[in-house]
Amino acid sequence: MKKLLLIVTALGLIMSGASIAHGPSDKAKKEKKAISSEEKPFGREGDPKNVSRTIKVDMSDKMRFTPAELTIKPGETIRFEVRNSGATMHEMVLGTMQELKEHAEVMKKHPGMEHDEPYMAHVAPGKTERIVWQFTKPGEFYYGCLIPGHFEAGMVGKVVVRK
Ligand SMILES: [Cu+2]
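This text gives an overview of the structure that appears in the document. Just so it is clear, the structure is predicted and the values come from calculations on it, not from any experiment.

1. Some details on the nonpolar core
Next up, step 1: Phe80, Met92, Leu94, Phe135 and Val159 are the most contacted members of the largest nonpolar core, which has 34 residues in total.
Next up, step 2: Leu94 has contacts with Phe42, Phe80, Leu100, Tyr119, Ile131, Trp133, Phe135, Tyr142, Tyr143 and Val159, leaving out every residue within four places of it along the chain.

2. Some details on the sheet that holds strand 3 (residues 64-66)
Next up, step 1: One open sheet accounts for five strands, arranged 1-8-5-2-3; its pairing is mixed. Edge strands, defined here as strands with exactly one partner in the open sheet, are strand 1 (44-45) and strand 3.
Next up, step 2: Bridge analysis of strand 1 against strand 8 (residues 128-134) gives two bridges, and the strand direction is antiparallel. By the bridge assignment, Glu45 is partnered in strand 8 with Trp133.

3. Re the coordination of the copper ion
The textbook angles at a metal center are 109.5 degrees for a tetrahedron of four donors and 90 or 180 degrees for an octahedron of six.
Next up, step 1: Surrounding the copper ion are the protein donor atoms His90 (ND1), Cys145 (SG), His150 (ND1) and Met155 (SD), which sit 1.9 to 2.8 Å from the metal.
Next up, step 2: Site description for the copper ion: donor spacing in sequence, H-x54-C-x4-H-x4-M.

4. Considerations on the environment of Val123
Next up, step 1: Mapped onto the secondary structure, Val123 falls in strand 7 (residues 120-123).
Next up, step 2: For Val123, a relative accessible area of 0% puts it in the buried group.
Next up, step 3: Separated by 41 residues in sequence, Val123 and Val82 place their C-alpha atoms 7.5 Å apart.

About the cut-offs
Residues numbered from 1 in each chain as written. Predicted model: local features only at pLDDT ≥ 70, side-chain atom pairs only at ≥ 80, totals over all residues. Heavy atoms only, no water. Core = buried A, V, L, I, M, F, W, Y, C linked by side-chain atoms within 4.5 Å. Buried < 20%, exposed > 50% of the residue type's maximum accessible area, 1.4 Å probe, protein only. Contact = heavy atoms within 4.5 Å. Pairing = 2+ DSSP bridges. Helix = DSSP H or I, 4+ residues; strand = E, 2+ residues; numbered from the N terminus. Donors = N, O, S within 2.8 Å, 3.2 Å for Na, K, Ca; no water.

Dropping the structure here:
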């Protein structure tokens, strides 16, 4: 009798768990995570299921990215594992040189500005964040840290996309 009660209780738990999993909050979460189809000059948000390779990038208080130059084939989806080995905040923002320069100007005027896009990672000291990006077209693109003063100090790297 005691055993049966346990089974019934366990079943109840499983069923309530299942109903939570299909609730609206879960659906909303999934929608938020949907991969953006927006095509930028330097590519588009990548699907984590189609990652071609992982590239580790380190950011330091010397205002440098390591590595500072990458060669990628058109169509490759890259998972960037972006580590901040410094003691201050850094970020990796992908873009064209013009976009990064414009963005850096905006950041200077609004240092506390909050922004989040699939082509950027804000990384706290000692932490690692990820970007999954597909480079769809050949060209020369860049990644910069747009925290005021960092880009100007040379915190920028180059991505060459070519066959
Ligand atoms: Cu920085």
